[in-house]
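Fold and contact review
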Amino acid sequence: MAVILETSLGDIFLDLYVDKCPKTCENFLKLCKIKYYNNVIFHNVQKDFIAQTGDPDGSGRGGSSIWGIMYGEQARFFDDEISKKIKHSKRGTVAMANTGGSNTNGSQFYITLGDDLTSLDEKYTIFGELPDGEDGEEALKKINAAFCDNNDKPIQNIRIRHTVVIDDPFPDPPMLKEHIPDRSPEAKPDKHDVDRIADYENALSRDEGKTDEQIDEELKAATAKSQAEVLTMIGDLPHAEVTPDDTDLFVCKLNPVTTSEDLETVFSQFGEIVSCEVVKDWKTGDSLQYAFIEFEEREACERAYFKMDNALIDDRRIHVDFSQSVSKKWSAWKKGDRRKQTGFAGNAVPRRQKREDRKDDSGGKGHRTRERNDGGGGRRSRREDGRRDSDRDNRDHRRERERERGGREDRRERRRDGEGRRREHSRDRDSRKRRRGGRDDGRSSRDRRRRGDRDRD
């Protein structure tokens, strides 16, 4: 017995082949001595095959030998000590894991979880084993039963919490002392506990005393948060906590003939409407049969939701729900428009607070009335501006289509004109040839008569 690995699932006792693989055993013992393996996770666990660890990064590509730590990057790896006589014949065999091919031994090693793994023989340096009858068998069974993801990484982290060197026959190098800590590093959460269950947590205790509905709700909330964080990382959301306004409604299953003005007329009975827009196809201008309606007050939005769901508009049963879209907020955030960033911009002022500030400054409602009459940006003017922008966009699309259609007609007309000119030119050329041929025949006949007259004279 030479080393004890104290893991989160139990202690593992290891005997090292110091005579058969001296350099590999020296590297392993010195790394244990400087507490290099403390708090390192098992990043690769394959059932009935191997459990791999020894990489402080947890990626499977890191780690360094004791000589790389003392002398630098050029001494990061050392050569293999493969023996044909030592095989992966039983569970608990300990061997070095190459980082990038042969002779790339660093700090990573693995422990076999099955017997007679002949596919690994003569490829990796075997430098130890689990002694028969030791308590480490129970720890290996727990590691072998761990749940893993598609990359063979355990769902709940398995760590080497501490290493104890029982026997070290190799003298310490002169530079090793400066790397030996005064005390063992304390275990604390790190980056590996972010997307995994921590090794000190009891995964089953989370659900104790909870109903199935509560567990499902927590799972859905965690999934939604994870998806929002992914969208934040790829740039589709400003941050994961962004939420839609509680004054917006989503209306679908509309009749294609229903316009924004029609919807605004119907829904305005529940309260003041800030904006109402039927979404249209940008190319054809046809209705996509759904719309977004923004109310001034939350209560008006709720009344419209309860009253208008499944209502009949233009011979269609519409469906009304609270909007889950944050596209307007996202567009405002990208453009830097702080007025529309209510809900997720840190320096944005809520709309209701702005109205109260205007009332306080003006002393009542007169200021709002004058502002609306003067066209200075009241709700009615904002709706009109939105309609004008929408109409302007539709006109631009129609003009673009007309220009494209006109361009095609012009090309067809030019093609027809060119073909007509070519046909006319061909007819003129043929007529000139015919006329020229007739003149040539007349001259030749006159010449023959003249020559005949000379001959008779």
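Just so you know, these numbers come straight off a predicted model, no measurement behind them. Residue positions are given per chain, counting from 1 as you read along its sequence in written order. With the structure being a predicted model, the display of local features is reserved for residues of pLDDT at least 70 and the display and counting of side-chain atom pairs for 80 or more, all residues being used for whole-chain, interface and lining totals. Only hydrogens and water are set aside; all other atoms, that is, all heavy atoms of the structure, feed into the side-chain values.

**Let's talk about the overall build of the protein**
For the protein, the count of helices and strands is ten helices and 15 strands. For every residue, the accessible area obtained with a 1.4 Å probe (protein chains only) is divided by the maximum for its type, and the residue is called buried under 20%, exposed over 50%, and partly exposed between those limits. Taking all 457 residues of the protein together, 35% fall into the buried category. The contact rule is simple, with two residues in contact once any of their heavy atoms fall within 4.5 Å. Within the protein, contacts between residues at least 6 apart in sequence are counted, and of these 68% link residues at least 24 apart. Per-residue and other accessible areas were derived by the Shrake-Rupley procedure at a 1.4 Å probe size, with only the shown protein chains allowed to occlude residues. Looking at the protein as shown, the accessible area adds up to about 28,400 Å², and 46% of this sits on carbon and sulfur atoms. Under the scheme used here, helices are H or I runs from DSSP no shorter than 4 residues and strands are E runs no shorter than 2 residues, and both carry numbers assigned from the N terminus.

**Looking at the nonpolar core**
As used in this record, nonpolar core signifies buried Ala, Val, Leu, Ile, Met, Phe, Trp, Tyr and Cys residues forming a set joined through side-chain atoms within 4.5 Å. If you look at the biggest cluster of nonpolar residues, it comprises 37 residues, and the most contacted ones within it are Val3, Ile12, Leu16, Phe28, Tyr37, Phe109 and Phe127. Those elements giving two or more residues to this core turn out to be β1 (3–7), β2 (10–16), α1 (22–33), α2 (66–71), β6 (93–96), β7 (109–112) and α3 (136–144). At five residues, α1 tops the list of elements feeding residues into this core. The residues touching Phe28, leaving out its near neighbours within four places in the chain, are Val3, Leu5, Leu14, Leu16, Tyr37, Phe109 and Phe127.

**Description of the packing of aromatic side chains**
Put simply, two rings from Phe, Tyr or Trp (the six-membered ring, in Trp's case) pair if the centres are within 6.5 Å, and we call them stacked under 30 degrees between planes, edge-to-face over 60, tilted for the rest. Inspection of the entire model under this criterion finds 13 aromatic pairs. Each ring, one from Phe28 and one from Phe109, has its centre 5.2 Å from the other, and the planes form 85 degrees; the classification is edge-to-face. With Phe28 in helix α1 and Phe109 in strand β7, this residue pair connects regions lying 81 residues apart in the sequence. Assessed through its relative accessible area of 0%, Phe28 is described here as buried. Under the relative-accessibility criterion, Phe109 is labelled buried at 0%. Here Phe28 and Phe127 contribute two aromatic rings whose centre-to-centre distance is 5.2 Å and whose plane-to-plane angle is 55 degrees, an arrangement assigned as tilted. Here Phe28, found in helix α1, pairs with Phe127, found in strand β8 (residues 126–129); they are 99 residues apart in sequence, far enough to count as distant. There is no split in this pair, since Phe28 and Phe127 are both buried. Linked through ring pairs, Phe28, Tyr36, Tyr37, Phe109 and Phe127 together constitute an aromatic cluster. By the criterion adopted, a ring carries a charge over it if an Arg CZ or a Lys NZ lies within 6 Å of its centre and within 35 degrees of its normal. Its end group placed over the ring of Tyr17, Lys20 keeps NZ or CZ at 5.3 Å from the ring centre. A cation over an aromatic ring shows up here: Lys23 above the ring of Trp67, its NZ or CZ 5.5 Å from the ring centre.

**Structural notes on the sheet that holds strand β5 (residues 50–53)**
Strand order in this open sheet of nine strands is β3-β9-β1-β2-β8-β6-β7-β5-β4, and the pairing throughout is antiparallel. Single-partner strands in this sheet number two, and they are β3 (40–41) and β4 (44–46). Strands pair, by our definition, only if DSSP identifies at least two bridges between them. Relative to β7, β5 runs antiparallel, the two being bridged by four bridges. What sits directly across from Thr53, in β7, is Phe109. Set on the sheet, α3 makes contact with β2, β4, β5 and β7; between it and β2 the angle comes to about 115 degrees. Only the stretch in contact is used when a helix axis is fitted, and all axes are lines through C-alpha atoms; the angle between N-to-C directions ranges over 0 to 180 degrees.

**Topic: the sheet that holds strand β15 (residues 319–322)**
Taken in spatial order, the four strands make up an open sheet running β11-β12-β10-β15, and their pairing is antiparallel. Single-partner strands in this sheet number two, and they are β11 (273–280) and β15. Ignoring strand direction, the axes of neighbouring strands in this sheet form an average angle of 20 degrees. Looking at chain direction, β11 and strand β12 (residues 287–295) are connected through six bridges and run antiparallel. Bridging from a neighbouring strand, Ser275 pairs with Glu294 of β12. Where helix α5 (residues 260–267) meets the sheet, its contacts fall on β10 (248–252), β11, β12 and β15, and the angle it forms with β11 comes to roughly 145 degrees. The sheet contacts of helix α6 (residues 298–308) involve β10, β12 and β15, and relative to β15 the element is tilted by about 150 degrees.

**What to know about the side chain of Thr24**
Structurally, Thr24 is set in helix α1. You can call Thr24 buried: its relative accessible area is 0%. In this structure, Thr24 is in contact with Phe78, Glu81, Met96, Thr125 and Phe127, ignoring residues within four places of it in sequence.

**Describing a nonpolar patch on the surface**
Patches draw on residues past 30% relative accessible area with no salt bridge. Two like charges within 9 Å are joined, as are two nonpolar side chains (Val, Leu, Ile, Met, Phe, Trp, Tyr) within 5 Å. Whenever a carboxyl oxygen of Asp or Glu lies within 4 Å of a side-chain nitrogen of Lys or Arg, that contact is scored as a salt bridge. Taken together, Val230, Leu231, Met233 and Ile234 make up a surface patch of nonpolar side chains, about 400 Å² in accessible area. On the secondary structure map, Met233 appears in helix α4 (residues 212–233). What makes Met233 exposed here is its relative accessible area of 68%.

**Quick look at the pattern of salt bridges**
Counting across every chain of the model gives 15 salt bridges. Here Lys33 makes a salt bridge to Asp168, at a shortest N to O gap of 3.7 Å. Residue Lys33 is located in helix α1, and its partner Asp168 is located in the loop between β9 (159–165) and α4; the two are separated by 135 residues in the primary sequence. A salt bridge links Glu137 to Arg91, with the shortest nitrogen-to-oxygen separation between them at 3.0 Å. Taken together, the positions of Glu137 in helix α3 and Arg91 in the loop between α2 and β6 put the pair 46 residues apart, joining distant regions of the chain. Glu137 sits in the partly exposed class, given a relative accessible area of 24%. In this structure, a network of salt bridges that share partners links the residues Lys30, Lys33, Asp168 and Asp172.

**Side note on α3**
Of the residues making up α3, those classed as buried are Gly136, Ala139, Leu140, Ile143 and Asn144. Along the axis of α3, the buried residues cluster in a sector spanning 135 degrees; they form a single face. Buried positions along α3 lie against β2, β4, β5 and β7. Working note: the arc is built from the helix axis to C-beta atom directions.

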